[in-house]
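# Inside the fold
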Amino acid sequence: MQFLALIYGTEGQDDVDMQTLIEQYTVFEAEANSAGILGGGNALEPISTATSVRVRQGQAEITDGPFAETKEQLGGYYLFECKDLDEALMWAAKIPSARYGTVEVRPIMIFED
Amino acid sequence: MKNAITRIFRAESGQLLSSLMYLCRDLDLAEDALQDACEQASMQWSKQTLPDNPGAWLHTVAKRKLIDKLRQSQTQANLRSLHSLGTLSEINTESVPQEFSEQDFDVPDERLRLIFTCCHPALNQQAQVALTLRTLCGLSVKEIARAYLTSEIAMSQRITRAKKKIKDAGISYSVPRKEQLPARLSSVLKVIYLIYNESYSAFESQTLTRNDLAEEAIRLSQLMLSLLPNAEVLGLAALLLLHHARSPARQSSDAGYIPLEMQDRKLWNSAALNQGRALLDKALRLNQPGPYQIQAAISALHAQAIDWQSTDWKQIHLLYKSLYKINPSPVVELNCAVSLAYSGYLVESYKFLYSLEQELQNYQPYYAARAELEIQLMDLQAAIGSLNTAIKLSRNNSERDFLVKKRNHLLSQCPD
């Protein structure tokens, strides 16, 4: 099963400096890669770069800012390839930001034909 | 007859459902099949006498219904189940065998899988409780709705949503891996504990008596004990037995609530107390302390005291302090403060209690305990105020009556 791990946190509120955090993420990715469960992932530019688009009556409305103003913002994601939710949660708990932010885990929807 | 049938359903439900899950891995289908089998049993058994082994009868019929359902729904997963079913065993769908022993369909690991799935922390706690009562205890949605003072529709939606999440979110039907076991087990034990607790808090207007919930919780704890006897499982089973042993003394003949300090201890169920103590001893020997063992130890200290005054309050206070280290909640702090008072430190206890007000302002036992302390400190006006708040916060009639009586007694002692 594929799971998306959405990493939320308050920007600029990491519990270690950026350099240390990057090193921790590197270690995490190496471990996840060698376990063969990492299907991809990226960090996102800060929320100040977000632009939202919605099309209404055929017109694209473009607004500055995220879809929703929240205390914690989406800062990155991983795609996991895991046996079940338990395994995905175990890997999600190893994401460095999980210890001060929140990781939301969602299964990728499968369309059966 | 109807009652006998209900009893059988409840007693066998967990086993039956988990053995059906073993065949199809689909909780909805398994439940539907069992439901159909139960309906057939209700019709057939009310006309005839009960079969020799009703559990086996239900199992065979449910299995047959399940196969029908698998054949009807042509999804890939179900066809796979159907295929493996054929190789698993020869199933005679035409006749019901007369002789069938328990071992034929009891798969302990399957029940463990079922309970771990129902109590998965990815489900909200209410859903965990409802699913457990539905699948392992065999209570009907209507009964669960009544016990939790909600409508049948709302409860049914809650259960449906939970089952959908199990299916869609990738919650596997399995016993957790070793490294996840402690956390997952504590989620199972919490559900059992909550079911037991509910039997004490919400007992207005319901046909499912609170005793039923308490007994279901004890049954679940015994089930866990037989499947996974580790220290905290022993601790929880001991706690429930030790606590439930007091229930005959908790209610007076006119249905009034009697607090621990005024209970007639001769009414306590000594068999249950002994059983609880034995389990606790066994747990403590494993040397893996945990919150349920600590609470059971506190209960055991109450059980061994001949009355309220001679209770070993100092020991109880120490136990609450160690419980607080593991489980730092204001309710544990409240118990810490109360046991401090009975150890002889009234003023210190009152200061401690006073500092907890903000966190416990919606908690009835806080104000009841505070009133008791204010009485001891001879501040009757303050005690009346605390009792008034406790009365407002009380969730059940007999407890409320008790508090009102106590307040009125104080009012009669105050000159103005």
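Just so you know, the residues in each chain are numbered from 1, in the order the chain's sequence is written. Chain letters start at A and ligand numbers start at 1, both assigned in the order the entries are written. Local features in this predicted model are restricted to residues whose pLDDT is 70 or higher, and side-chain atom pairs enter the listing and the counts only when it is 80 or higher, whereas totals over whole chains, interfaces and linings include all residues. The basis for every side-chain value is the complete set of non-hydrogen atoms in the structure, without hydrogens or water.

### Regarding the UniProt feature "domain: YCII-related" (unreviewed entry) in chain A
UniProt positions are given in the numbering used here, feature names are shortened, and annotations may be inferred rather than shown by experiment. According to UniProt, the feature "domain: YCII-related" (unreviewed entry) maps to residues 1–111 of chain A in the numbering used here. The straight-line gap between the two end C-alpha atoms of residues 1–111 of chain A is 13 Å; of that span, 23% is helix and 37% is strand. Numbering of helices and strands runs from the N terminus; a helix is a DSSP stretch of H or I covering at least four residues, while a strand is a stretch of E covering at least two.

### Points about the packing of helix α18 (residues 364–376) of chain B against helix α20 (residues 397–413) of chain B
Residues and elements named next belong to chain B. Working convention: axes come from line fits to C-alpha atoms, limited for helices to the stretch in contact. Angles between N-to-C directions cover 0 to 180 degrees. Put simply, α18 and α20 touch, their axes get as near as 12 Å, and they point 25° apart. Taken together, the axes of α18 and α20 are roughly parallel relative to one another. Viewed along their axes, α18 and α20 form a crossing whose handedness is left-handed. Contacts between α18 and α20 involve Gln364, Ala368, Glu372 and Ile375 from the first element and Glu399, Leu403, Lys406 and Leu410 from the second. Here the term charged refers only to Asp, Glu, Lys and Arg, the term nonpolar to Ala, Val, Leu, Ile, Met, Phe, Trp, Tyr, Cys and Pro, and the term polar to all other amino acids, Gly among them. Taken together, the residues of the contact of α18 with α20 sort by class into four nonpolar, one polar and three charged. Here is the rule for angles: anything less than 35 degrees is roughly parallel, anything more than 145 is roughly antiparallel, 65 through 115 is roughly perpendicular, and the remaining ranges are oblique. For any helix crossing, the convention is left-handed if the near helix is rotated counterclockwise from the far helix by under a right angle, and right-handed if that rotation is clockwise. The contact rule is simple, with two residues in contact once any of their heavy atoms fall within 4.5 Å.

### Remarks on the interface of chain B and chain A
With eleven residues of chain B at the contact, the number on the chain A side is ten residues. Accessible-area loss on putting two parts together, using a 1.4 Å probe and summing over both, is the definition of buried area adopted here. Between chain B and chain A the total buried area reaches about 860 Å² when both faces are included, carbon and sulfur atoms providing 47% of it. Interface area lost by chain B to chain A is led by Gly170(B), Arg177(B) and Gln180(B), which between them contribute 44%. When a carboxyl oxygen of Asp or Glu is within 4 Å of a side-chain nitrogen of Lys or Arg, the pair counts as a salt bridge. The interface formed by chain B and chain A includes two salt bridges.

### Some words on the side chain of Arg246(B)
All names here are of chain B. Locating Arg246 in the fold gives a position in the loop between α11 (231–244) and α12 (247–250). A distance of 3.1 Å separates the side chain of Arg246 from the side chain of Ser299, its partner in a polar contact. Among all residues touching Arg246, those that are not within four sequence positions of it are Leu260, Gln263, Trp268, Ser299 and His302. Identification of polar contacts relies on pairs of N or O atoms within 3.5 Å, with a donor-acceptor requirement for protein atoms, meaning one able to donate a hydrogen and the other able to accept it, and with residues adjacent in sequence counted only if both atoms are side-chain atoms.

### Notes on the domain arrangement of chain B
All names here are of chain B. Here chain B is described as being made up of domain 1 (1–94) and domain 2 (108–169 + 180–191 + 207–219). Domain 1 puts 15 residues into the contact, and the matching count from domain 2 is 19 residues. Across the interface of domain 1 and domain 2, roughly 1,400 Å² is buried in total on both sides, 49% from carbon and sulfur atoms. In terms of surface lost to domain 2, no three residues of domain 1 exceed Arg10, Leu27 and Glu31, which account for 42% of the buried area on that side. The interface formed by domain 1 and domain 2 holds eight salt bridges in total. We note a salt bridge from Asp28 to Lys167, for which the minimum N-O separation is 4.0 Å. At the level of elements, α1 (2–24) and α2 (27–47) are the ones that each hand at least two residues to the side of domain 1 that touches domain 2. The start and end points of each domain follow an automatic or database-based domain assignment.

### A word on the pairing of strand β1 (residues 2–9) of chain A
In this structure, β1(A) lies alongside strand β5 (residues 73–81) of chain A, joined through eight bridges in antiparallel fashion. Along β5(A), the bridge assignment pairs Tyr8(A) with Leu74(A). Pairing between strands is defined by DSSP: at least two bridges between the two strands are required.

### As for the pattern of salt bridges
Residue and element names in this part refer to chain B. Here the structure, examined in full by the defined rule, presents 22 salt bridges over all chains. Close ionic contact of Lys69 with Asp36 constitutes a salt bridge, the shortest N to O distance being 2.9 Å. Taken together, the positions of Lys69 in helix α3 (residues 54–72) and Asp36 in helix α2 put the pair 33 residues apart, joining distant regions of the chain. For Lys69, a relative accessible area of 19% translates into the label buried. Here Arg370 ties to Glu374 by a salt bridge, and the two come within 3.2 Å at their closest N and O atoms. Here the residue Arg370 and the residue Glu374 both occupy positions in helix α18, the gap between them amounting to four residues, near one helical turn. Across the pair, exposure class does not vary: Arg370 and Glu374 are buried alike. The structure contains a network of salt bridges with shared partners spanning Asp26, Asp28, Glu31, Arg134, Lys163 and Lys167. We call a residue buried when its accessible area falls under 20% of the maximum for its residue type, exposed when it is over 50%, and partly exposed in between, using a 1.4 Å probe and counting protein chains only.

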